[in-house]
Amino acid sequence: MIIHLKPSTSDIKLQTILGRIQYDTSLPVYSFRNDSKVVVAFGTADFNPIEMFGDDVIEIFNFDTQYQLCSKEYDTAPVVISDGGLEVGSPAGSLLICGPCAVESREQMDRVCQLIVNNGLKVLRAGCFKPRTSIYSFQGLGKKGIDILKEMRDKYSLLIATEVCEPSQIDEVLQVADIVQVGAKSMYDYELLRLCTQIDQPVILKRHYAARLEEFAQMADMLMSKGKQNIILCERGIRTFETATRFTLDLGAVVWIKNHLRLPVIVDPSHAFGMEYGVIPLAKAAMALGADGVMVEAHPEPERAMSDSKQQLTLEQMQRLINELKPIAKAVNKTLV
Ligand code: PEP
Ligand code: MN
């Protein structure tokens, strides 16, 4: 249930109300304020807010689903993120985020940034903290990588999307991140998500490869339960019985999200397919079905990449993808940004 209370509801009164709901329902209760209302959210319960709070209540929403705040049943207007030059979720635009899997060197990053700038794009992605499945593999350059990203941001005036894997990394990541990425493996990391509710930057929440869409939406609600709105969902492939591709890109998920949730959704075909030859066709398919963006890995020399070598596009392939995405975006009434 979500209740909207009048913005004039005092803090003391709100605390009493929250305490009362908690006492009566034995459920956790979340609340946040904005200019026009106080939002109170909690699970399904036999509870009549009007009886209890009368005059303070503006509106009540009941749900059959286990996710509420991110649901279109709550608010049909899509969340549009407009943040320091970034625009995601507007029907008119589709975002292309590109960059290598990981920051490896200044020279590597210079070459990728030049491609992004030459095409009038805005967002560079690259990881500095890489939690790999093998503890013996390259784990990212860490702080040294953050320093290189800072240089790139200043030199090319780009927005930076980079991943935080552990709460202890957040201060370092926030020195450079315009968009903070929560990786697929962290989708269920409550502590990390709770920390992300407190940051101003937009958060890309990647779908865990074993998460059902309902579970994905529930984790988005967790971010939204403290009032965070600027969340970008990312479909990056799920694990199925198929082993010929690294994961199985679930394009149906994009359609489902567009119909049921009010958050923007982008698609990462690189991690989904796992091999470079699948990335261009899948990115084009995602664009054609109206995704709010695509995120693609590209590297000046993929064969020498320290991580995800097989799936990264060369810069020539990335240029080809950009050229091919533009008319597709136009066909679905969007511009590539
Ligand atoms: C990434 O985007 O850098 C990444 C590691 O992807 P995922 O979390 O989807 O595996
Ligand atoms: Mn990668």
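Residues numbered from 1 in each chain as written. Chains lettered and ligands numbered in written order. Predicted model: local features only at pLDDT ≥ 70, side-chain atom pairs only at ≥ 80, totals over all residues. Heavy atoms only, no water.

**Examining the overall build of the chain**
When you go through the chain residue by residue, the secondary structure sums to 11 helices and 15 strands. Per-residue burial over the chain gives 56% buried out of 337 residues. Here the analysis covers contacts within the chain between residues at least 6 apart in sequence; of these, 68% occur between residues at least 24 apart. Taking the average location of the 36 positive side-chain charges in the chain and that of its 42 negative ones, the two points are 4 Å from each other. (Helix = DSSP H or I, 4+ residues; strand = E, 2+ residues; numbered from the N terminus. Buried < 20%, exposed > 50% of the residue type's maximum accessible area, 1.4 Å probe, protein only. Contact = heavy atoms within 4.5 Å. Lys, Arg positive; Asp, Glu negative; His and termini not counted. Charge placed at Lys NZ, Arg CZ, Asp CG, Glu CD.)

**Comments concerning the pattern of salt bridges**
Following the criterion strictly, the structure yields 22 salt bridges and no others. The partner of Glu214 in a salt bridge is Arg212, and the shortest N-O contact between them spans 3.3 Å. Salt-bridge contacts for Asp292 lead to Lys334; the nearest nitrogen and oxygen are separated by 3.9 Å. Of this pair, Asp292 sits in the loop between α10 (276–288) and β14 (293–297) while Lys334 is found in the loop between α11 (315–331) and β15 (335–336), placing the two residues 42 residues apart along the sequence. Here Asp292 falls in the buried class, since its relative accessible area comes to 2%. (Salt bridge = Lys/Arg side-chain N within 4 Å of Asp/Glu carboxyl O.)

**Focus: the packing of aromatic side chains**
For the structure on display, the rule yields six aromatic pairs. Plain terms: the ring middles of Phe61 and Tyr74 are 4.9 Å apart, the flat faces sit at 90° to each other, and that makes the pair edge-to-face. Here Phe61, found in strand β4 (residues 57–61), pairs with Tyr74, found in the loop between β4 and β5 (81–83); they are 13 residues apart in sequence, far enough to count as distant. Residue classification places Tyr74 among the buried positions, given a relative accessible area of 11%. Here Tyr67 and Trp256 contribute two aromatic rings whose centre-to-centre distance is 6.0 Å and whose plane-to-plane angle is 70°, an arrangement assigned as edge-to-face. Residue Tyr67 is found in the loop between β4 and β5, and its partner Trp256 is found in helix α8 (residues 251–260); the two are separated by 189 residues along the sequence. For Tyr67, a relative accessible area of 6% translates into the label buried. Taking relative accessible area as the criterion, Trp256 reaches 23% and is therefore assigned partly exposed. The lysine or arginine in question, Arg236, covers the ring of Phe247, its NZ or CZ lying 4.3 Å from the ring centre. Cation over ring: Arg239 sits above Tyr209, and NZ or CZ is 5.0 Å from the ring centre. (Phe/Tyr/Trp six-rings, centres within 6.5 Å; stacked < 30°, edge-to-face > 60°. Lys NZ or Arg CZ within 6 Å of the ring centre and 35° of its normal.)

**With respect to the coordination of the manganese ion (ligand 2)**
The protein atoms that coordinate the manganese ion (ligand 2) are Cys101 (SG), His271 (NE2), Glu297 (OE) and Asp308 (OD), at distances of 2.0 to 2.3 Å. The sequence motif formed by the donor residues of the manganese ion (ligand 2) is C-x169-H-x25-E-x10-D. Taken together, the positions of His271 in helix α9 (residues 269–273) and Glu297 in strand β14 put the pair 26 residues apart, joining distant regions of the chain. Side by side, His271 and Glu297 carry an identical accessibility label, which is buried. (Donors = N, O, S within 2.8 Å, 3.2 Å for Na, K, Ca; no water.)

**Section: the site of ligand 1**
In the region of ligand 1, the neighbouring residues are Arg125, Lys130, Glu163, Gln181, Gly183, Ala184, Lys206, Arg236 and His271. Interatomic distance of 2.8 Å between a side-chain N/O atom of Arg125 and an oxygen atom of ligand 1. The side chain of Gln181 places a nitrogen or oxygen atom 2.9 Å from an oxygen atom of ligand 1. The protein chains hide 90% of the 290 Å² of surface that ligand 1 would expose on its own. (Near = heavy atom within 4 Å. Polar contact = N/O pair within 3.5 Å; in protein donor to acceptor, adjacent residues only side chain to side chain. Areas by Shrake-Rupley, 256 points an atom, 1.4 Å probe, with all protein chains shown as cover.)

**Structural notes on the domain arrangement of the chain**
Reports often express the size of an interface as the amount of accessible area lost when the parts come together. As assigned here, the chain comprises domain 1 (2–61) and domain 2 (81–336). The C-alpha centroid of domain 2 is placed 36 Å from the C-alpha centroid of domain 1. (Domains from an automatic or database assignment.)

**Thoughts on empty space enclosed by the protein**
Counted under the stated rule, the structure contains one cavity of 30 Å³ or more. Taken together, Arg125, Ala126, Gly127, Lys130, Ala161, Thr162, Glu163 and Gln181 make up the full set of residues lining the largest cavity. Among the elements that take part in the lining of the largest cavity, strand β9 (residues 159–163) stands out by supplying three residues, more than any other. When grouped by side-chain class, the residues that make up the lining of the largest cavity number two nonpolar, three polar and three charged. (1 Å grid on protein atoms, 1.4 Å probe; cavity = no way out; pocket = protein on both sides within 12 Å on 5 of 7 lines; lining within 4 Å. Points joined across faces, edges and corners; volume = space filled by probe spheres on them. Nonpolar A, V, L, I, M, F, W, Y, C, P; charged D, E, K, R; others polar.)

**Describing α10**
Listed in full, the buried residues belonging to α10 are Gly278, Val279, Ile280, Leu282, Ala283, Ala286 and Met287. Count one or two residues on from α10 and you reach Gly290, which has phi positive near 90°.

**Quick word on the pairing of strand β12 (residues 231–235)**
Each regular strand displays side chains that alternate between the two surfaces of the sheet. Summarising burial for β12: five of the five residues are buried, a large majority. Here β12 shows no split at all, with Ile231, Leu233 and Glu235 on one side and Ile232 and Cys234 on the other all buried. Alignment of strand β11 (residues 203–206) against β12, held across four bridges, turns out to be parallel. Across the sheet, the residue bridging to Lys206 is Cys234, located in β12. As for the winding sense of the linkage, the β-α-β connection from β11 through helix α7 (residues 213–224) to β12 is right-handed. Two strands pair when backbone bridges link them, and β12 and strand β13 (residues 265–267) are joined in this way by three bridges, in the parallel orientation. Note on β13: the bridge partner recorded for Glu235 is Val267. Once you follow β12 into α8 and on to β13, the crossover reads as right-handed. (Pairing = 2+ DSSP bridges. Right-handed = clockwise from strand over helix to strand, strands pointing away.)

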